[in-house]
Amino acid sequence: MKLSDYVIDFLARQGVTHVFGMSGGAAVHLFDSASRHPRLTYFCSQHEQSAAISADGYARTTGRMGVAITTSGPGATNLLTGTCCSYFDSVPTLMITGQVATHRLRGDRPVRQMGFQETDVLSIFRSVTKHAAQVSDSRQIRRHLEEAFYWANEGRPGSVLIDLPDDLQRAEVDPATLEGFVPPAADRSDSLDAQLDALTELVAQARRPALVLGGGFSTPRLGNVVDEMINQLGFPVLLTWAALDLMPADHPLRIGPFGVYGPRLGNFVIQNADLLVCLGTRLSQNVTGGLLHTFAREARIVMVDAARGELDKFDGRGIDIGLRIESRLDTFVPAWLERLGSTQRPPTDEWCQRIERWKAVLPDDRPPSSPAGAGHVDAYDVIARLSQVLPEGEQIFVDTGGNLTWTCNGLQPKRGQRLMSAWNNTPMGYALPAAIGAAVTGGTAGITCIIGDGGLMICLAELATLVHHKLPIRVLVFNNHGHGIQKQTLETWLNGHYVGVDGPSGLAFPPISPVARATGLEVVEIAATADIDAGLRQVYATRGPVLCNIEINPSQKLYPVLKFGASLEDQLPALDPAVIEREMIVPPFKRDTTSSSGTPGV
């Protein structure tokens, strides 16, 4: 059979139902094979970046390998941003790049190119993939594919790449004679039992414990065992943004998010805890703040991660990880559950009472609703009402910047809803192509895409994709006519000298509603507080595709926020120092007021 037929059939046998991409001269055989396979569908994006991101969204929602296929040169390099999203968020995706024929490869010659549109993609992608290989012998194709699938899912999952020259794509292969891949021997560790003993002892000694859950619980999803662990442990639960959909908003143990842009409640719990058990989170600086030595400074910190480097990265930098457990969560959580039945629970009544007090006395820093006639609405008003109308089981993709911050801090998730974003790479223009990747499977779950006007400009052409395929996606555009989070950064550090953040400072924005209508989309407008409820009801009465242009206050801030030089309990807008002194159990950190450079919290 033709090698490209073998590749596509291999993907289908692994459970892949859709591949994403754009055709091109060095990928025509792969797309031809995809078009002919009875159990696999090819899906055309408007841009290769969108193809990689759609593969990422497909993988997050289905649990299957996400696959993108492109031609060589610019087609391959355009995959880079989406590949980074998968790599940094531990999402298993496979990028297959066409390449010039083997006899046209540059090799070791001292030239920049031999073949037309030849690019050394392996050198470019190796730092953001778990495995990257170029096929040089058609007889090795099975081994390359099996090895790519293995590394994408082994340990901490992530992206992989296969570069496939054009002449090999059309070569004939005999599947019965192809060599397979033999995985390396598993490194069996007997240390988990001893580490669970140490964890059990720490739990028994704690008086102000908290459980911190991160995005690792989505790669892969673990299901009911997470609920069992939370309920048996009985600790207050803090969630990174990537884990917000693990618990419904009404769960009695749910504290919610924390961090640089997180609510004050979560930050006060983190900063006053005496034990943090951190599962599936790498504790990025978006949650710790920039001054690492101020983070949870009187807490014993337990961290569970599949990557040893993540456990060791804070050494000498200010955070002391007292107990480090190198394990995948699907191994650790069931093992811990077996222990929890006999684990002595610490007395936490006083701690829980203090948390209830903080719920009452700490401000939420939300602005008042926009007045009638203002021509815009408050973002938190939109999110509050959206929480009421979002159906159970909805898959919600959020972009970055203000729309992500307002959504993560304000959304009240229901059980069964999924909230997804490119949490660690956070490119503008992620949410729409990722939602497309989730929608193509034709599942019954509804899909919402929340994106800013700036992010939409990055992937504007994909509106045509929505219409062409009649995808059931509701696109909510938080239109504040600029890059709001950057405007706030410039106000914080450069006295509001705007450069490249809105129309007057250099950005160009077309009117979104007429552009959307020109692609054939149904459009709903929300520009007044009194119109929010009716507008959202209209959107969610439509299966999609539909776009809702929501006029957000262009001056709306992302509060609360941490400025560099302060610790998590001391966000802006600044609290009265006497309030911080009164409410903190741990002695407050004295803010550095001399810093004059940096970005919020970092």
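Everything here concerns the structure above.
Residues numbered from 1 in each chain as written. Predicted model: local features only at pLDDT ≥ 70, side-chain atom pairs only at ≥ 80, totals over all residues. Heavy atoms only, no water.

1. A short note on the packing of aromatic side chains
Part 1: On inspection of all chains with the given rule, the structure shows twelve aromatic pairs.
Part 2: With centroids separated by 5.5 Å and ring planes inclined at 50°, the aromatic side chains of Tyr-150 and Phe-181 adopt a geometry described as tilted. Taken together, the positions of Tyr-150 in helix α7 (residues 141–153) and Phe-181 in the loop between α8 (166–169) and α9 (192–205) put the pair 31 residues apart, joining distant regions of the chain.
Part 3: Take Tyr-150: its relative accessible area is 23%, and that puts it in the partly exposed class.
Part 4: Phe-181 sits in the buried class, given a relative accessible area of 17%.
Part 5: Through successive ring pairs, a cluster of aromatic residues spans Tyr-6, Phe-10 and Phe-149.
Part 6: Over the ring of Trp-493 we find Lys-563; its NZ or CZ atom is 4.8 Å from the centre of that ring. (Phe/Tyr/Trp six-rings, centres within 6.5 Å; stacked < 30°, edge-to-face > 60°. Helix = DSSP H or I, 4+ residues; strand = E, 2+ residues; numbered from the N terminus. Buried < 20%, exposed > 50% of the residue type's maximum accessible area, 1.4 Å probe, protein only. Lys NZ or Arg CZ within 6 Å of the ring centre and 35° of its normal.)

2. Here's the deal with the sheet that holds strand β15 (residues 447–452)
Part 1: Pairing in this open sheet of six strands is parallel, and the strands run β14-β13-β15-β16-β18-β17 from one edge to the other. With partners counted over all chains shown, the strands left at the sheet margins are β14 (418–420) and β17 (522–526), one partner each. When strand polarity is set aside, the average angle formed by the axes of neighbouring strands in this sheet is 20°.
Part 2: Sheet analysis places strand β13 (residues 395–398) next to β15, joined by four bridges and oriented parallel. Opposite Val-398, over in β15, you have Ile-450 as the bridge partner.
Part 3: Against the sheet, helix α3 (residues 48–62) contacts β13 and β14, and its axis sits at roughly 150° relative to β14.
Part 4: Running over the sheet, helix α18 (residues 431–439) touches β13, β15 and β16 (473–479) and is turned about 170° from β15. (Pairing = 2+ DSSP bridges. Axes fitted to C-alpha atoms, helices over the stretch in contact; angles between N-to-C directions. Contact = heavy atoms within 4.5 Å.)

3. Comments concerning the nonpolar core
Part 1: If you look at the biggest cluster of nonpolar residues, it comprises 104 residues, and the most contacted ones within it are Leu-211, Leu-213, Met-229, Leu-279 and Trp-336.
Part 2: For this core, the leading source of residues is helix α14 (residues 329–340), giving six residues.
Part 3: With residues near it in sequence (within four places) discarded, Trp-336 still touches Leu-196, Leu-199, Val-203, Leu-211, Met-229, Leu-233, Val-277 and Leu-279.
Part 4: Judged by nonpolar contacts, the second largest core, of 76 residues, contains Ile-162, Val-173, Val-475 and Ile-512. (Core = buried A, V, L, I, M, F, W, Y, C linked by side-chain atoms within 4.5 Å.)

4. Section: the environment of Val-546
Part 1: Here Val-546 shows up in strand β18 (residues 546–551).
Part 2: Assessed through its relative accessible area of 1%, Val-546 is described here as buried.
Part 3: Along the primary structure Val-546 and Leu-471 are separated by 75 residues, whereas in three dimensions their C-alpha atoms are 9.3 Å apart.
Part 4: With residues near it in sequence (within four places) discarded, Val-546 still touches Ile-473, Arg-474, Val-475, Leu-521, Glu-522, Val-524 and Val-539.

5. Quick word on helix α23 (residues 532–540)
Part 1: Looking at α23, one finds that the buried residues are Ile-532, Gly-535, Leu-536, Val-539 and Tyr-540. Projected down its long axis, α23 carries its buried residues within an arc of 125°, all on one side.
Part 2: Its buried side turned inward, α23 meets α16 (379–389), β15, β16, β17 and β18. (Arc of directions from axis to C-beta.)

6. Some points on the pattern of salt bridges
Part 1: Per the stated rule, a full pass over the model turns up 32 salt bridges.
Part 2: Across the pair Arg-297 and Glu-569 runs a salt bridge whose closest N-O atoms are separated by 2.6 Å. Placement of the pair is Arg-297 in the loop between α12 (285–288) and β11 (300–305) and Glu-569 in the loop between β18 and α24 (577–583), with a sequence separation of 272 residues.
Part 3: By relative accessible area, which is 25% here, Arg-297 ends up partly exposed.
Part 4: A residue is classified by how much of its surface remains accessible, and Glu-569, at 1% relative accessible area, is buried.
Part 5: Residue Lys-557 pairs with Glu-491 through a salt bridge whose shortest N-O separation is 3.5 Å. Taken together, the positions of Lys-557 in the loop between β18 and α24 and Glu-491 in helix α21 (residues 484–493) put the pair 66 residues apart, joining distant regions of the chain.
Part 6: On the accessibility criterion, Lys-557 (28% relative accessible area) is partly exposed.
Part 7: One salt-bridge network, held together by shared partners, links Arg-308, Asp-312, Asp-315 and Arg-324. (Salt bridge = Lys/Arg side-chain N within 4 Å of Asp/Glu carboxyl O.)

7. Let's talk about the pairing of β13
Part 1: The two faces of β13 match: Gln-395 and Phe-397 on one face and Ile-396 and Val-398 on the other face are all buried.
Part 2: Here β13 pairs with β14 via three bridges, running parallel. Bridging across to β14, Phe-397 finds its partner in Met-420.

8. Some points on the sheet that holds strand β4 (residues 93–99)
Part 1: Across the sheet, which stays open at both edges, the six strands sit in the order β2-β1-β3-β4-β6-β5 with parallel pairing between neighbours. In this open sheet, the two strands that pair with only one neighbour each are β2 (41–44) and β5 (131–134). On average, adjacent strands in this sheet sit at an angle of 20° to one another, irrespective of strand direction.
Part 2: The strands touched by α3 are β1 (18–21), β3 (66–70) and β4; relative to β3, the strand with the most contacts, the crossing angle is about 165°.
Part 3: Lying over the sheet, α7 contacts β4, β5 and β6 (159–165), oriented at roughly 165° with respect to β6.

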